[in-house]
Structures are given as structure tokens and as C-alpha cells.
Amino acid sequence: MALVNCGECNKEVSDKAVSCPNCGAPIQGATEKQSLWDSISQSSGPKEVVIRGTDVAYEGQKLGEGLMKMVMALFLHPVFSFVGFWLIGFGILMSMAPVFGLADKQMNALPVWYVALAIAIPIALAVLLRKTIPKLMKWIFFTLLAVLGIAFAGGIISAIIEKSTAS
């Protein structure tokens, strides 16, 4: 493996890297990517392992960003919000099966008719509420964000109080 300079930021980058870990620019003449295990086993030293590991981390970051966009689309996109509504409704109905005495806590022996209803009821509601579902899903999304923000802030405050009382 050789180190080459990135054409954008001029930092040293592995010639096996597809893109620069610093700026994300594509590396010209890059060879095929290897798995992380292959990269580590064939490396000539710690610097090379870090550079190849950064490539893997960059790909993981792109995957995470894509998943976040998909989750946000289930709440914020006018069409995909119907899928999000169905998923929430289906999840709620399936989790209610033990409450109704139709299954045990592990959801064993769940009646087929109940699963069919759990699929059909959210679809029927989505058709009936088709004008309000995009607004409802946005409201749910921003409410969940607020609750997560409050929980995060509460956790930080709790840790600060715990640390100050421990000393």
C-alpha cells in the first residue's frame, strides 16, 4: 500500500481508499475496497490500519445517514407518512395482543384473524384519515423529538447532580 495526497485537501490517503477520510473527495486510481479484516491483516503498520478503518467508518456514516433519512421520511414525507402510520398502528395492535389475552408475552400462538385485523385496521384508518395523516405524523415526529430532547437534558442534569453530590 502506498500513501497518496488527496487532490482536494492535500492530506495523505491510502491508495486503496475510494474517498478521502478527511474531506470525502474521491481518490483517483483507487483500487477495489477490501473488508476491514483484510485491511488489518495485510497492513504494514498502524497508520495504514487507521486509514483503512476510516474508510469503513465513512461507509458506516453514510449508511447511518441513509437510515436516518428513511426514518424521517416515514414521518415527514407526504406519501411515506402513510407507511409510517401503518407501522405504528400495526405495532400498537400487535403489542396489545397479550392485553386482550390472545397470546402470551412472547406472542406465541397468536390467532391468524388477529394478525389480519392488525394489518387491515391501520390501512382502513389511513384511507379514512388520508387528509390528516401527514399532519398527524409530523406532529408525532416533533413530539417524539421533544420528548427525546427532554429525556436527554434530564439525563445530563441527573448526571451533573449525581456527580456533584458524590464529591
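Residues numbered from 1 in each chain as written. Predicted model: local features only at pLDDT ≥ 70, side-chain atom pairs only at ≥ 80, totals over all residues. Heavy atoms only, no water.

1. Remarks on unusual backbone geometry
A positive phi angle, near 65 degrees, is found at asparagine 10, a position not held by glycine. Structurally, asparagine 10 is set in the loop between strand S1 (3-5) and strand S2 (12-14). The exposure class of asparagine 10 is exposed, given its relative accessible area of 55%. (Helix = DSSP H or I, 4+ residues; strand = E, 2+ residues; numbered from the N terminus. Buried < 20%, exposed > 50% of the residue type's maximum accessible area, 1.4 Å probe, protein only.)

2. Quick word on helix H5 (residues 133-166)
Taking 1.5 Å as the rise per residue, H5 with 34 residues should run 50 Å; its terminal C-alpha atoms sit 48 Å apart, in good agreement. Those residues of H5 lying buried are Ile133, Pro134, Met137 and Phe141. (Expected span 1.5 Å × (residues − 1).)

3. Section: the packing of aromatic side chains
Tallied over the entire structure, the rule returns five aromatic pairs. Here the aromatic rings of phenylalanine 75 and phenylalanine 141 are separated by 5.6 Å at their centres, their planes lie at 40 degrees, and the arrangement is tilted. Remark: phenylalanine 141 occurs in helix H5 and phenylalanine 75 occurs in helix H2 (residues 46-76); sequence separation between them is 66 residues. Comparing phenylalanine 75 with phenylalanine 141, the two get one shared label, buried. Aromatic pair phenylalanine 141 and phenylalanine 142: ring centres 5.3 Å apart, planes at 75 degrees, arrangement edge-to-face. A network of ring pairs unites the aromatic residues Phe75, Phe141 and Phe142 as a single cluster. (Phe/Tyr/Trp six-rings, centres within 6.5 Å; stacked < 30°, edge-to-face > 60°.)

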